[in-house]
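Results of the structural survey
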Amino acid sequence: MSSPVPAPTGARSDVEVLASSNDTGYRSFRAGGFHFQRDAYFARVEWPGGRHVMQIDVFLRAIMRDVSWGFFYGVVNFDGVLGTINHYGEVTLFAGRFNEAYRDAGRDHEERFQSPALMAIFKEMLNDWTNEGYDPFAAPMETGVAWGHKNGFNTAAVERQRVTATRMVSLPDDTPLRTDASGYPVNRHFADVPQDEPNVEVEPGFEAEVGAFNLFAYLSRSDVTWNPSVCSVVGESLFCPTSEEFVLPIEHGNDRVEWFLQLSDEITWDVKDKETGKPRARVIARAGDMCCMPADIRHQGYSTKRSMLLVWENASATIPDLIARGEAPVVPVKF
Amino acid sequence: MLTTRFGSLQDFQKGGVEPIDDDPKNYVFSNLFEVAGRAAPYARTAIAKNFQYVIEAVRAEGTSGWYTCAHDEFALCMDGEVEVHLIKLSRPEDIAEVGSEGARRLADGMPEGRKMGRVIIRRGHMALLPKGSAYRFQAAHPSALAIQTLDGPETLHRWADICQTTAS
Ligand SMILES: [Fe+2]
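The rules behind each value
- Residues numbered from 1 in each chain as written.
- Chains lettered and ligands numbered in written order.
- Predicted model: local features only at pLDDT ≥ 70, side-chain atom pairs only at ≥ 80, totals over all residues.
- Heavy atoms only, no water.
- Helix = DSSP H or I, 4+ residues; strand = E, 2+ residues; numbered from the N terminus.
- Rg over C-alpha atoms; globule rule 2.2 N^0.38 Å.
- Contact = heavy atoms within 4.5 Å.
- Areas by Shrake-Rupley, 256 points an atom, 1.4 Å probe, with all protein chains shown as cover.
- Lys, Arg positive; Asp, Glu negative; His and termini not counted.
- Charge placed at Lys NZ, Arg CZ, Asp CG, Glu CD.
- Donors = N, O, S within 2.8 Å, 3.2 Å for Na, K, Ca; no water.
- Tetrahedral: all angles 85-135°; square planar, octahedral: opposite > 155°, others 65-115°.
- Buried < 20%, exposed > 50% of the residue type's maximum accessible area, 1.4 Å probe, protein only.
- Phe/Tyr/Trp six-rings, centres within 6.5 Å; stacked < 30°, edge-to-face > 60°.
- Buried area = accessible area lost by both parts, 1.4 Å probe.
- Salt bridge = Lys/Arg side-chain N within 4 Å of Asp/Glu carboxyl O.
- Polar contact = N/O pair within 3.5 Å; in protein donor to acceptor, adjacent residues only side chain to side chain.
- Nonpolar A, V, L, I, M, F, W, Y, C, P; charged D, E, K, R; others polar.
- Pairing = 2+ DSSP bridges.
- Domains from an automatic or database assignment.
- Axes fitted to C-alpha atoms, helices over the stretch in contact; angles between N-to-C directions.
- Patch = residues over 30% accessible without salt bridge, like charges linked within 9 Å, V, L, I, M, F, W, Y side chains within 5 Å.
- pLDDT = per-residue confidence, 0-100.

**Here we look at the overall build of chain B**
Secondary structure assignment for chain B yields two helices and 12 strands. Helices and strands in chain B line up, N terminus first, as β-β-α-β-β-β-β-β-β-β-β-β-β-α. Against the globule reference of 15 Å for 168 residues, chain B gives a C-alpha radius of gyration of 17 Å, in line with a compact fold. Expressed as lengths along the three principal axes of its C-alpha atoms, the size of chain B is roughly 55 × 40 × 25 Å. For chain B, restricting intrachain contacts to residue pairs at least 6 apart in sequence, the fraction spanning at least 24 positions comes to 79%. Summed over all atoms, the accessible surface of chain B reaches about 6,800 Å², with 45% contributed by carbon and sulfur. Across chain B, the centroid of the 19 positively charged side chains sits 6 Å from that of the 22 negatively charged ones.

Structure (structure tokens):
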């Protein structure tokens, strides 16, 4: 995210919005050699030498995260075939790149873009393909359906930005608390979460330095799922708590180690090999459990009861270089 | 109404790693309440590490010593109730050099400096431990904290004792 832009490498920027279909009302889109089309139920993607079909709700939930997170850290797999690799300034759009069968058969395809170009066309696609009443960030039981022909827009929902505190939520001039009045009511699954705030006594002159807030209450009022937002910052150490319900819409193949502190309830994680997609482990995380996701895997989580998860990231801009030189650890602690 | 399950020192249900084709140690899996519960009061045990950064698990019980740090730290209360006292040190760099990493423990006794304030955090509350201040914790009953900080001289590394090492 806050990483240096590497020198130009001839990454392409040819993207275009195509005409809308008389049948469905949806526009088609092109990014380099990739062509994207949607119909009532599916996103259909074609590239030189291949094609792929995804359920439209799955596709929209995935591209929503990719857009909102600025291509995030490392690999964002929309599913086992399609996805993006963030090079921080440039981005690879791929099909089959992290799928053993596609790789072995030589059928994988990838194209590298200037990030702003691919981001622009992804945003156009997300906006055009998301109908009124459907919110790709919401839990499925809290929003409308993605199906059907073109029916209005939900632009406000798809233009949400990741919330990033600069020091800590609730401090002066930093990210504010969520309240009923600011449009963040307590979620139906967190109706029992205490809403009391800490007792803070500040001596005059120290208002910017003495502060505390109720993180669990803040999370109970999140209107989105699977969307880590920064709540506290120590250098490059970012606490990114999030509320989780249903399924993480992407398989995240991080380029670095990340950590999970489960704050409430339970998440099941499926862990697969980053390169091949072969299953490696299942992790059951309950309140108080701490675990890392190694840098050579992809992970996807499931949460029936809406849960609170603290995702812990190291946003260091030097990590991509260390990774490229093979000097970044795959596992953070050896014992 | 659905019940939200938070953990506590007295009541937590640990999950675990179920390997399919992997070593569970790769997931460095532990539980904050278990680690804090077994440690001495105010021992700062690392439960997560990412390069120089760590998350420490702490059991707050009674009154801690005073600490200072050259960078911000944050304390998240995971169980109980903890009072945080803050004093502005006039020369914090005498104890925690500029650019140094992690918390430093002060010599016993009240530190010299202006009182900054006092914060009481309960479960789910997060407090800033601002750089250059001296802080101490006080808890009438056993409580649990997660501290966002850097690996420093007070950080304990007990990975083999706290983490899952075999298939659960
Ligand atoms: Fe992730």
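Now that the structure has been shown, we can carry on.
**Concerning the coordination of the iron ion**
Residues and elements named next belong to chain A. For the iron ion, every protein donor is listed as His 252 (ND1), Glu 258 (OE), Glu 258 (OE) and His 299 (NE2), and the spread of their distances is 2.2 to 2.4 Å. With four donor atoms in place around the iron ion and angles of 54 to 135 degrees between them, the coordination shape is irregular. Sequence spacing among the residues donating to the iron ion works out to H-x5-E-x40-H. By relative accessible area, which is 2% here, Glu 258 ends up buried.

**Concerning the packing of aromatic side chains**
Residue and element names in this part refer to chain A. Under the counting rule described, the total for this entry stands at 23 aromatic pairs over all chains. When the centroid spacing of 6.0 Å and the interplanar angle of 70 degrees are considered together, the rings of Phe 29 and Trp 129 count as edge-to-face. With a gap of 100 residues between them, Phe 29 in strand E2 (residues 27-31) and Trp 129 in helix H3 (residues 115-129) connect regions that are remote in the sequence. A relative accessible area of 0% places Trp 129 in the buried class. Pairing Phe 59 with Trp 129 gives two aromatic rings, centres 5.5 Å apart and planes at 45 degrees, and the pair type is tilted. Placement of the pair is Phe 59 in helix H1 (residues 56-68) and Trp 129 in helix H3, with a sequence separation of 70 residues. Joined through ring pairs, the aromatic side chains of Phe 29, Phe 34, Phe 36, Trp 47, Phe 59, Phe 71, Phe 78, Phe 122 and Trp 129 make up one cluster.

**Digging into the interface of chain B and chain A**
Interfaces are often sized by the accessible area lost when the parts come together. Contacts between chain B and chain A engage 69 residues on the former and 72 residues on the latter. Each partner contributes to the roughly 6,000 Å² buried at the junction of chain B and chain A, and carbon and sulfur atoms together form 61% of this total. The largest contributions to the chain B side of the interface with chain A come from Tyr 27, Tyr 53 and Met 126 of chain B, which together make up 12% of the buried area. Where chain B meets chain A, there are six salt bridges. Across the salt bridge formed by Glu 201 of chain A and Arg 118 of chain B, the nearest N and O atoms sit 2.6 Å from each other. At the junction of chain B with chain A, the criterion picks out 38 residue pairs in polar contact (both at pLDDT 80 or more). The element that contributes the greatest number of residues to the side of chain B that touches chain A is strand E9 (residues 113-122) of chain B, accounting for nine residues. Per-class residue counts for the side of chain B that touches chain A are 35 nonpolar, 18 polar and 16 charged. Taken together, the four bridges between strand E10 (residues 199-202) of chain A and E9 of chain B define a ladder with antiparallel strand orientation. Counterpart to Asn 199 of chain A in the pairing with E9 of chain B is Ile 120 of chain B.

**Structural notes on the domain arrangement of chain A**
All names here are of chain A. Taken domain by domain, chain A comprises domain 1 (15-158) and domain 2 (180-223 + 225-324). Taken together, the contact pairs 23 residues of domain 1 with 28 residues of domain 2. Buried area between domain 1 and domain 2, summed over both chains or domains, comes out near 2,200 Å², and the portion from carbon and sulfur atoms is 51%. Between domain 1 and domain 2 we count four salt bridges in total. Glu 142 is the salt-bridge partner of Arg 188, the closest N and O atoms lying 2.5 Å from each other.

**Observations regarding the sheet that holds strand E5 (residues 50-55) of chain A**
Residue and element names in this part refer to chain A. Read from one edge of the open sheet, five strands run E1-E2-E3-E4-E5, paired in antiparallel fashion. The open sheet is flanked by strand E1 (15-20) and E5, the only strands paired with a single partner. If you compare each strand with its neighbour and ignore which way they point, the axes differ by 15 degrees on average. Of the strand pairs in this sheet, E1 and E2 are connected by four bridges, and their pairing is antiparallel. Its bridge partner being in E2, Glu 16 is matched across the sheet by Arg 30. Strands strand E3 (34-38), strand E4 (42-47) and E5 of the sheet are contacted by H1, whose axis makes an angle of about 95 degrees with E5.

**Concerning a nonpolar patch on the surface**
Residue and element names in this part refer to chain A. The grouping of Tyr 41, Val 145 and Trp 147 at the surface amounts to a nonpolar patch, some 320 Å² of accessible area in total. Counting through the fold element by element, Tyr 41 comes out in the loop between E3 and E4. Residue class for Tyr 41 comes out partly exposed when judged on its relative accessible area of 49%.

**Notes on the confidence of the model for chain B**
Predicted coordinates in areas of low pLDDT are best not read in detail. Looking at chain B, pLDDT values average 97 and 99% of them are 70 or higher. This complex was scored by the predictor with a pTM of 0.96 and an ipTM of 0.98.

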